Amino acid sequence: MTPVKISIAAAIASLLLILIVLELIRGRRLKERYALMWLVTGVALLVLSVWRGGLDTIAGWFGVETYPPAILFAVATLFIIIVLLHYSTVLSQLDDQNTVLAQRLALLEQRVDHVTSGTQEPPGDAS
Amino acid sequence: MTDAGRIVAIVPAYNEAGAIGDVVDSINAASPAYDVVVIDDGSHDDTAAIAREHGAAVVSLPYNIGIGGAVQTGFKYALERGYERAVRLDGDGQHDPGELAKLLGPIERDEADIVTGSRFVDGSGQYRPPLARRIGIIWFARIVSLLTRQRVTDTTSGFQALNRKGIALFAGDYPNDYPEVEATVLVFKHRLRLAEVPVTMRERETGRSSITLIRSIYYVLKVTLALFIAMVRKYAVPEEKVASS
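Residues numbered from 1 in each chain as written. Chains lettered and ligands numbered in written order. Predicted model: local features only at pLDDT ≥ 70, side-chain atom pairs only at ≥ 80, totals over all residues.

### Quick notes on the overall build of chain B
Right, so step 1: A count of helices and strands for chain B gives 8 helices and 7 strands.
Right, so step 2: Taken across its 245 residues, chain B has 48% of its residues classed as buried.
Right, so step 3: The contacts of chain B with a sequence gap of at least 6 include a subset with a gap of at least 24, amounting to 77%. (Helix = DSSP H or I, 4+ residues; strand = E, 2+ residues; numbered from the N terminus. Buried ≥ 20, exposed ≤ 12 C-beta atoms within 10 Å, placed from the backbone. Contact = placed C-beta atoms within 7 Å.)

Written out as structure tokens, the structure reads:
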């Protein structure tokens, strides 16, 4: 059986996580798109810390008999991995977009320079 | 549209102030048909200014985006300006513009869409890179040959000629680190015709190759992974979209 103290501490921690995330969204420092996974994590942890019988049952499924709160760690870790993976994909996408932007900017700048400097047509450009 | 006879010579350069002037001059000296465009990849020195003084068009990236992104900028430039043919050579002077005509041969005869200048194709053995580098080059050549079922001897060469199809492919999709290796697989996947012609390369004029041992090991692993992924990756079909001007 999960010790009561652990359940209380875990519930407070998950509540804090949810409140902080909500506050960050409210202050427009976090976009909903990136906050969603954190809220799901917070709610899942909150449910598992309050619903003590449920935690024991789930622990039983995985053969964790001596210390059910280990499931809390497992769930938290799993969600953090998912969030981090999601961020890696976001980062890769931003990286790509950043490259495209830099290229477009440089190509446009080159065109503008040639137009404003009043020189003849840039080499090869007869358009 | 651009005059059909013009060929764009794409020269990516990062901090090559010492060599870029000669590179631009030697391309122009090789044939008046080349329009040189230097892609300045966020250099901290006078690369852009010197290239401009020597009469090249200069596209300056706002910050360093890496060799693949820089080269791709050149292909985008070529696509936008309507060039039918492009050549690509490095900004450090290791590629001899006198050999460009050889590279363009298979393109003109419509035997290939992309032609790479290889240091190894005829086994003349003139080019002797350091051991670690040679192992890397051979390793990639083997894997790429296996994957593409075609004999490829030099996958790291940045000395190339392309027709419009090749330009459009690379403008739409081009890998980043050691891009030439992965690009070879890209070409194969898109069923473009690849050819190699033997060339000799000169020693670097200034600067040093930016690759150290630990970095090389990291790159070899990364590019090898990228190669196998490239074989099964989902590709966006590059469309030939020309920006209106």
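### With respect to the overall build of chain A
Right, so step 1: Secondary structure summary: chain A contains 4 helices and 0 strands in total.
Right, so step 2: Ordering the α and β elements of chain A from the N terminus gives α-α-α-α.
Right, so step 3: Relative to a compact globule of 127 residues, whose C-alpha radius of gyration would be 14 Å, chain A shows 26 Å and is clearly more extended.
Right, so step 4: Principal-axis analysis of the C-alpha atoms gives chain A an extent of 85 × 30 × 15 Å.
Right, so step 5: Looking at the 127 residues of chain A, the share that counts as buried comes to 17%.
Right, so step 6: If you take every contact in chain A between residues at least 6 apart in sequence, the share linking residues at least 24 apart comes to 61%. (Rg over C-alpha atoms; globule rule 2.2 N^0.38 Å.)

### Side note on the packing of helix α7 (residues 179–189) of chain B against helix α8 (residues 213–232) of chain B
A packed helix pair is summarised by two numbers, namely the angle formed by the two axes and the spacing between the axes.
Residues and elements named next belong to chain B.
Right, so step 1: As a packed pair, α7 and α8 sit with axes 9 Å apart at the nearest point and diverge in direction by 10 degrees. Comparing the axis directions of α7 and α8 gives the class roughly parallel. For the pair α7 and α8, the contacting residues are Val181, Glu182, Val185 and Leu186 in the first and Val223, Ala226, Leu227, Ala230 and Met231 in the second. (Axes fitted to C-alpha atoms, helices over the stretch in contact; angles between N-to-C directions. Parallel < 35°, antiparallel > 145°, perpendicular 65-115°, else oblique.)

### Considerations on helix α5 (residues 131–148) of chain B
Side chains that are three or four residues apart share a direction in an α-helix, a result of its 3.6 residues per turn.
All names here are of chain B.
Right, so step 1: Under the 1.5 Å per step criterion, the end-to-end length of α5 is 25 Å for 18 residues, consistent within 8% with the ideal 26 Å.
Right, so step 2: Listed as buried for α5 are Gly136, Ile137, Phe140, Ala141 and Val144. The arc enclosing the buried residues of α5, seen along the axis, measures out at 130 degrees, which places them on a common side. Those residues of α5 that are exposed and angled more than 90 degrees off the buried face are Leu131 and Leu146.
Right, so step 3: Downstream of α5 by a residue or two, Arg149 has a phi angle that is positive, lying close to 50 degrees. (Expected span 1.5 Å × (residues − 1). Arc of directions from axis to C-beta.)

### Focus on the nonpolar core
Right, so step 1: Grouped together as the largest cluster of nonpolar side chains are 73 residues, with contacts concentrated most on Ala9(B), Val36(B), Val37(B), Val38(B), Ala86(B) and Ile167(B).
Right, so step 2: Looking at this core, the element that brings in the most residues is helix α3 (residues 67–80) of chain B, giving 7 residues.
Right, so step 3: Look past the residues within four positions of Val38(B) in its chain and what remains in contact with it is Val11(B), Ala13(B), Ile20(B), Val24(B), Ala51(B), Ala56(B), Val58(B) and Gly91(B).
Right, so step 4: Ala10(A), Leu45(A), Ile71(A) and Leu72(A) belong to the second largest nonpolar core, which has 7 residues in total. (Core = buried A, V, L, I, M, F, W, Y, C linked by C-beta atoms within 7 Å.)

### So, the sheet that holds strand β6 (residues 160–163) of chain B
All names here are of chain B.
Right, so step 1: With mixed pairing, the 7 strands of this open sheet are ordered in space as β3-β2-β1-β4-β6-β5-β7. The strands lining the two open edges of the sheet, one partner per strand, are β3 (57–60) and β7 (194–198). Adjacent strand axes in the sheet meet at a mean angle of 20 degrees, parallel and antiparallel pairs treated alike.
Right, so step 2: The pairing of strand β1 (residues 7–13) with strand β2 (residues 34–40) spans 7 bridges and is parallel. Residue pairing for β2: Ile7 is matched across the bridge by Tyr34.
Right, so step 3: Strand contacts of α3: β1, β2, β3 and β4 (85–88), with the helix running at about 160 degrees to β1, the strand carrying the most contacts.
Right, so step 4: Relative to β6, helix α6 (residues 164–172) is tilted by about 100 degrees, and along the sheet it contacts β4, β5 (114–118) and β6. (Pairing = 2+ DSSP bridges.)

### Thoughts on the packing of α5(B) against α8(B)
All names here are of chain B.
Right, so step 1: Interaxial distance between α5 and α8 falls to 11 Å at its minimum, and their mutual angle equals 5 degrees. When the interaxial angle is binned, α5 and α8 end up roughly parallel. Counted together, Ala132, Gly136, Trp139, Phe140, Ile143, Val144 and Leu147 of α5 and Leu213, Ser216, Val220, Val223, Thr224, Leu227 and Met231 of α8 form the full contact between these two elements.
Right, so step 2: Residue composition of the contact of α5 with α8, by class: 11 nonpolar, 3 polar and no charged. (Nonpolar A, V, L, I, M, F, W, Y, C, P; charged D, E, K, R; others polar.)

### What about α3(B)?
All names here are of chain B.
Right, so step 1: Counted at 1.5 Å a residue, the expected span for α3 with its 14 residues is 20 Å, and the 20 Å between its end C-alpha atoms agrees.
Right, so step 2: Taken across its 14 residues, α3 has 13 buried, putting it largely inside the fold.
Right, so step 3: Following α3 by one or two positions, Gly82 has its phi on the positive side, about 75 degrees.

### Examining the environment of Ser31(B)
Right, so step 1: Here Ser31(B) lies in the loop between α1 (17–30) and β2.
Right, so step 2: Remark: the alpha-carbon pair of Ser31(B) and Met231(B), spanning 200 residues in sequence, is separated by 38 Å.

### Quick notes on the confidence of the model for chain B
Residues and elements named next belong to chain B.
Right, so step 1: Summarising the model, chain B shows a mean pLDDT of 85, and 86% of its residues fall at 70 or more.
Right, so step 2: Ranking the helices and strands of chain B by mean pLDDT puts β2 first, with 97, and α8 last, with 83.
Right, so step 3: In the predicted structure, residues 238–245 sits below a pLDDT of 50 and forms 11 contacts with residues beyond four places in sequence or in another chain.
Right, so step 4: Taken together, the chains of this predicted complex give a pTM of 0.83 and an interface ipTM of 0.82. (pLDDT = per-residue confidence, 0-100.)

### Observations concerning the environment of Gly42(A)
Residue and element names in this part refer to chain A.
Right, so step 1: Secondary-structure assignment places Gly42 in helix α2 (residues 32–50).
Right, so step 2: C-beta crowding within 10 Å serves as the criterion here: with 21 such atoms nearby, Gly42 is assigned to the buried category.
Right, so step 3: Separated by 16 residues in the primary sequence, Gly42 and Ile58 have C-alpha atoms spaced 18 Å apart.
Right, so step 4: Beyond its immediate sequence surroundings of up to four residues, Gly42 is in contact with Ser14, Leu17, Ile18 and Val21.

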